[in-house]
Amino acid sequence: MPELPEVEVTCQALKAVLEGFSITEIQLNRPDLRYPLPPNLENEICLYSIQSVQRRAKYLLIDFEHGKTLIWHLGMSGRVIVETPEIPFLKASPHDHVIFRTSNNHKITYRDPRRFGFIQLTPTSQLASVNPFNTLGPEPLNNPELNVLIFHNRMKKHTKPIKNALLDQKIIAGIGNIYASEALWQARISPLRAANSLTQPESALLLKELQDVLKRAIAAGGSTLRDYVRPNGEVGYFQYIFKVYDRENKLCEHCEVTNLSKIIQCGRATYYCKICQK
DNA sequence: AGATGAGCCTGAAGGC
DNA sequence: TGCCTTCAGGCTCATC
């Protein structure tokens with residue numbers, strides 16, 4: 001799925017067409033995604049002005065004027081497609097589960113073949129206290145409350161491998177399987193080391209490379225593997241500059257002598273260079 | 001505290 | 001061509 005960069009790209013596109021406008025109509029093509037859709041969703045949110053569209057970790061948050069927030073997670077295969085009235089381009093699919101129409105005549109389609117995504121509604125005032133927002137770690141980007149010392153101290157509390165710690169949304173939010181491998185390779189740190197073995201300079205480097213890879217991925221429109229496309233229907237381009245992800249047995253571009261390895265950590269594929277990642 | 005496996009689903013890719 | 005198996009960007013739960 002969509003990791004942080006893909007959700008961020010989706011968020012920016014939704015922001016442009018939703019903020020200051022409202023949803024006028026919702027077409028629900030099934031009663032549930034991963035969880036049941038909120039009851040009376042149309043009555044709950046239609047015609048109320050949308051104050052903001054934000055991203056927290058891998059969640060989209062849509063705040064309405066009457067104090068409700070729509071929580072939207074894209075799961076593994078979810079994608080959001082925004083169509084302008086002038087240029088409809090989307091060919092309908094049986095996996096188009098929810099379709100929103102907006103007061104500025106846009107059509108927003110939620111397509112999710114695997115249906116691991118979900119949509120929930122909560123009072124905005126309670127958002128910070130509901131699962132998972134009450135336990136989420138800090139945002140890695142544009143977050144004045146995150147610095148090297150805080151990141152280092154959070155990693156220091158865990159004996160599990162660094163790769164698993166990066167995927168743990170309670171330690172740091174938004175990192176998924178692709179960008180965890182990419183950032184560790186950039187920082188030349190082994191995914192197998194215990195999180196609490198990082199020195200402070202290593203933590204500083206890892207945080208810098210995490211932020212770098214996330215920013216570059218956002219700028220590239222995210223990564224398109226199987227399902228994700230940008231809301232305008234274009235694919236993202238970051239997959240063309242993966243340095244380690246899905247590159248088993250390809251040459252490491254750091255040392256230029258070793259082929260990259262693939263191992264399984266906690267049931268997830270990790271790609272890394274055995275030689276230059278220490 | 002951490003690891004592992006199962007489960008939620010479908011579709012793509014690879015092997016035969 | 002077609003059938004079968006494996007694997008996939010996330011997250012949660014139970015169990016060890």
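In short, a report on the structure. Everything numeric in this text was worked out from a predicted model, so none of it was measured.

## Focus: the nonpolar core
Side chains that are nonpolar tend, in soluble globular proteins, to be buried together. Grouped together as the largest cluster of nonpolar side chains are 39 residues, with contacts concentrated most on Phe-151, Met-155, Ile-162, Leu-166 and Leu-206. Put simply, the parts of the chain that give this core at least two residues each are helix H3 (148-156), helix H4 (162-167), helix H5 (177-186), helix H6 (200-219) and strand E10 (268-272). With near-sequence residues (within four places) excluded, Phe-151 lies in contact with Leu-146, Leu-166, Ile-172, Ser-203, Leu-206, Leu-207 and Leu-210.

## Quick word on helix H1 (residues 4-18)
The terminal C-alpha atoms of H1, which comprises 15 residues, lie 20 Å apart, in line with the 21 Å expected from a rise of 1.5 Å per residue. With respect to burial, H1 is a largely interior element, eleven of its 15 residues being buried. Among the residues of H1, those classed as buried are Leu-4, Pro-5, Glu-6, Val-7, Glu-8, Val-9, Thr-10, Cys-11, Leu-14, Val-17 and Leu-18. Directly beyond the C-terminal end of H1, a positive phi value near 85 degrees is found at Gly-20.

## Observations concerning H6
Taking 1.5 Å of rise per residue, 20 residues should cover 28 Å, and H6 covers 29 Å from first to last C-alpha, within 8% of that figure. Inspection of H6 places Ser-203, Leu-206, Leu-207, Glu-209, Leu-210, Val-213, Leu-214 and Ala-217 among the buried residues, and these make up the whole buried set. In an axial view of H6, the angular spread of the buried residues amounts to 165 degrees, which keeps them on one side of the axis. Of the exposed residues in H6, the ones pointing more than 90 degrees away from its buried face are Pro-201, Lys-208, Lys-215 and Ala-219. Here the buried face of H6 lies against H1, H3, H4 and H5. Two residues or fewer after H6 comes Gly-221, characterised by a positive phi angle close to 80 degrees.

The rules behind these values
Residues numbered from 1 in each chain as written. Chains lettered and ligands numbered in written order. Predicted model: local features only at pLDDT ≥ 70, side-chain atom pairs only at ≥ 80, totals over all residues. Heavy atoms only, no water. Core = buried A, V, L, I, M, F, W, Y, C linked by side-chain atoms within 4.5 Å. Buried < 20%, exposed > 50% of the residue type's maximum accessible area, 1.4 Å probe, protein only. Helix = DSSP H or I, 4+ residues; strand = E, 2+ residues; numbered from the N terminus. Contact = heavy atoms within 4.5 Å. Expected span 1.5 Å × (residues − 1). Arc of directions from axis to C-beta.

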